[in-house]
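Here are the chains, one letter per residue:
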Amino acid sequence: MKKCFILFLLISNSIYSQEKGLVTDKAMVVSAREEASKIGIDIIKKGGNAFDAMIATHLALAVAYPYAGNISGGGFMVYRKANGDTGTLDFREKAPAKAYKNMYLDKSGKVIANLSTDGALAVGVPGSVAAIFEVHKKFCKLSLTDLFQPAIDLAEKGIIVTEKEKNKLDEYRDVIVKISGEKTLYNKTYQVGDTIKYLALANTLKLILKNGKTEFYKGNTAKKLVAFLKQKNGIISRKDLAYYKVIWRKPINFKYKELNVISMAPPSSGGITLAQIMKMIEPYEVSKLGHNSTQYMQLLAEAERRAYADRNYFLGDPDFVNIPQKQLLSDIYLKDRMKSFSFDKATPSSEVSHGDVSVYESDETTHYSIVDTEGNAVAVTTTLNGAYGSKLYCDELGFFLNNQMDDFSSKPGVPNHYGLVGAEANSIQPKKECLVR
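The present account deals with the structure reproduced in this document. Since this is a predicted model, take the numbers as computed values, not measurements.

A few points about the overall build of the chain
Of the regular secondary structure elements, the chain holds 14 helices and 15 strands. For the chain, buried positions account for 56% of its 437 residues.

The structure is reproduced here in structure tokens:
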């Protein structure tokens with residue numbers, strides 16, 4: 001999930017260098033929207049730590065960046081505390097209890113176009129709100145009111161439409177209106193400089209702040225959400241919401257030369273895949289190949305092909321499938337994987353993988369990174385999966401629903417929306433988490 005981080009704000013003295021970008025000496029918040037980054041840094045100025053800023057930034061992105069920011073999606077958090085402790089939080093969406101392996105196939109066994117991407121049947125059980133309360137309970141210094149109120153105020157004040165946002169809204173308006181109905185907030189042509197107020201979302205956030213996590217997973221908000229999805233032919237139940245739990249997982253730690261890399265474990269594919277790629281290229285003197293030279297690009301491409309072939313075949317939700325993690329990351333195995341590599345020619349895909357490897361680079365996920373004055377560091381990747389998720393907007397509650405079910409293998413061997421080919425390990429099962437690209 002590669003992202004462009006377009007803004008960072010800081011606490012104290014800083015310098016800008018054309019070679020290094022913005023360098024600060026105390027703290028930084030980097031996110032996809034200026035409003036969210038400012039809120040995050042204000043929280044640190046107020047005495048909060050990186051985890052406080054994480055919650056405030058996440059909520060602000062739900063307001064300012066509905067393209068991917070959310071309270072109705074999920075994600076992963078990787079952290080390193082100032083004392084050296086590391087860990088990860090898995091708050092991915094889960095398949096509803098009524099989900100089943102062939103739910104997106106027609107009677108002849110073919111994948112039904114768009115069924116896993118558009119509309120209520122594409123929605124997984126959200127994890128973002130549960131993550132916020134879990135992080136607050138374990139790490140935070142400030143009150144929930146301190147962390148929620150900036151996003152509530154932002155939603156009531158409104159977000160000014162940028163040129164980039166206008167282009168996205170123009171691109172997806174027709175499908176949003178088709179799926180959400182003509183009365184949706186988004187059935188309007190917004191111009192650059194217009195202000196969009198999210199009053200329904202502000203009210204939802206107020207209720208969650210007042211009543212806690214229970215409001216979203218068991219309270220009136222949960223009832224309204226389930227009723228809305230049922231009306232749109234969704235299958236998420238109140239029991240699905242009530243049973244949702246986040247999971248603390250051990251991170252994937254690996255060395256690359258002098259670097260110690262801390263990354264996310266499955267059901268994210270990122271940690272294992274990144275470790276495989278970096279370990280496969282480590283024996284080569286990459287710096288001498290020349291940046292973006294033919295040999296440089298060929299080495300990366302061949303390592304990535306092998307890593308993604310393994311990703312597609314072996315990885316899934318570790319609570320449902322056995323992942324040969326130790327083997328996949330062993331030096332002997334990875335050296336063997338690169339035996340067929342040569343700078344003279346490309347390796348045929350038939351010699352690399354269990355099937356053709358196809359990768360689609362998406363910008364439909366957002367990431368934010370935070371370092372506080374104490375030395376705590378937090379990195380969060382969060383998403384609705386596709387652009388505006390399932391394109392289904394709940395006007396009563398004020399947010400888009402995710403389409404995370406598309407990250408399962410609707411049919412093993414058939415690419416999903418992102419061109420990723422999954423295997424049996426990532427097939428749909430009730431209460432299972434999908435593998436993430």
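Further notes follow.
Comments concerning the packing of aromatic side chains
Counted according to the given criterion, the structure contains 22 aromatic pairs. Note on Tyr186 and Tyr393: the rings are 4.9 Å apart at their centroids and 75° apart in plane angle, and the pair reads as edge-to-face. Of this pair, Tyr186 sits in the loop between α5 (163–180) and β8 (195–196) while Tyr393 sits in strand β14 (residues 393–394), and the two are 207 residues apart along the sequence. What makes Tyr186 buried here is its relative accessible area of 3%. Look at Tyr393 and you get buried, because its relative accessible area is 3%. For the ring pair Tyr313 and Phe314, a centre distance of 5.0 Å and an interplane angle of 90° mean the geometry is edge-to-face. According to the relative accessible area criterion, Tyr313 is partly exposed, its value standing at 39%. Members of the aromatic cluster, connected to one another through ring pairs, are Tyr65, Tyr67, Tyr172, Tyr186, Tyr388, Tyr393 and Phe400.

Some thoughts on empty space enclosed by the protein
Tallied over the entire structure, the rule returns two cavities of 30 Å³ or more. The space that makes up the largest cavity amounts to roughly 90 Å³. Residue lining of the largest cavity: 15 residues in total, with Ala62, Pro66, Gly398, Phe399 and Phe400 positioned closest to the centre. Secondary-structure elements contributing two or more residues to the lining of the largest cavity are α2 (50–64) and β15 (399–400). Counted by class, the lining of the largest cavity contains 11 nonpolar, four polar and no charged residues.

Structural notes on the pairing of strand β5 (residues 74–80)
A large share of β5 lies buried, amounting to six of its seven residues. As paired elements, β5 and strand β13 (residues 377–383) share seven bridges and run antiparallel to each other. Note on β13: the bridge partner recorded for Met77 is Val380. Summarising the sheet, β5 and strand β6 (residues 86–90) pair through five bridges and their orientation is antiparallel. Within β6, the position partnered with Arg80 by the bridge is Thr86. In textbook terms, the turn of a hairpin is the stretch between consecutive antiparallel strands, and for β5 and β6 this stretch comprises five residues, one of which, Gly84, has a positive phi near 95°.

Observations regarding the pattern of salt bridges
Taken as a whole and judged by the stated rule, the model has 18 salt bridges. Between Glu156 and Lys206 there is a salt bridge; the shortest N-O distance is 2.7 Å. A residue pair is termed long-range when its members are at least 10 positions apart, and Glu156 in helix α4 (residues 144–157) and Lys206 in helix α6 (residues 199–211) qualify at 50 residues. Its relative accessible area of 31% is what places Glu156 among the partly exposed residues. Residue Arg305 pairs with Glu302 through a salt bridge whose shortest N-O separation is 3.1 Å. Pair noted here: Arg305 and Glu302 are both in helix α12 (residues 294–314), with a separation of three residues, about one helical turn.

Observations concerning the nonpolar core
Core analysis: the largest hydrophobic core is formed by 86 residues, its most contacted members being Ile71 and Met77. Take this core: its biggest share by element is 12 residues, from α2. Those residues in contact with Ile71 that lie beyond four places of it in its chain are Leu59, Ala62, Pro126, Ser128, Val129, Leu201, Thr204, Leu205, Ile208, Phe216 and Phe399. Counting residues in hydrophobic clusters, the runner-up holds 25 residues, among them Met280, Leu299, Ala307 and Leu334.

Section: the packing of α4 against α6
The geometry of α4 relative to α6 is characterised by a closest axis approach of 8 Å and an angle of 165° between their N-to-C directions. With respect to α6, the axis of α4 lies roughly antiparallel. Considering the relative orientation of α4 and α6, their crossing is left-handed. The segment α4 lies against α6, with Leu144, Thr145, Phe148, Ala151, Ile152, Ala155 and Glu156 engaging Leu199, Ala202, Leu205, Lys206, Ile208 and Leu209. Partitioned by chemical class, the residues of the contact of α4 with α6 number 10 nonpolar, one polar and two charged.

Description of the pairing of strand β4 (residues 28–31)
Of the two faces of β4, the one carrying Met28 and Val30 and the one carrying Val29 and Ser31 are both buried. Two elements, β4 and strand β12 (residues 365–371), share three bridges in a ladder whose sense is antiparallel. In the strand pairing of β12, Val30 is matched with Ser369.

Calculation rules
- Residues numbered from 1 in each chain as written.
- Predicted model: local features only at pLDDT ≥ 70, side-chain atom pairs only at ≥ 80, totals over all residues.
- Heavy atoms only, no water.
- Helix = DSSP H or I, 4+ residues; strand = E, 2+ residues; numbered from the N terminus.
- Buried < 20%, exposed > 50% of the residue type's maximum accessible area, 1.4 Å probe, protein only.
- Phe/Tyr/Trp six-rings, centres within 6.5 Å; stacked < 30°, edge-to-face > 60°.
- 1 Å grid on protein atoms, 1.4 Å probe; cavity = no way out; pocket = protein on both sides within 12 Å on 5 of 7 lines; lining within 4 Å.
- Points joined across faces, edges and corners; volume = space filled by probe spheres on them.
- Nonpolar A, V, L, I, M, F, W, Y, C, P; charged D, E, K, R; others polar.
- Pairing = 2+ DSSP bridges.
- Salt bridge = Lys/Arg side-chain N within 4 Å of Asp/Glu carboxyl O.
- Core = buried A, V, L, I, M, F, W, Y, C linked by side-chain atoms within 4.5 Å.
- Contact = heavy atoms within 4.5 Å.
- Axes fitted to C-alpha atoms, helices over the stretch in contact; angles between N-to-C directions.
- Parallel < 35°, antiparallel > 145°, perpendicular 65-115°, else oblique.
- Left-handed = near helix turned anticlockwise from the far one by under 90°.

The values reported here are purely geometric and, on their own, carry no functional implication.
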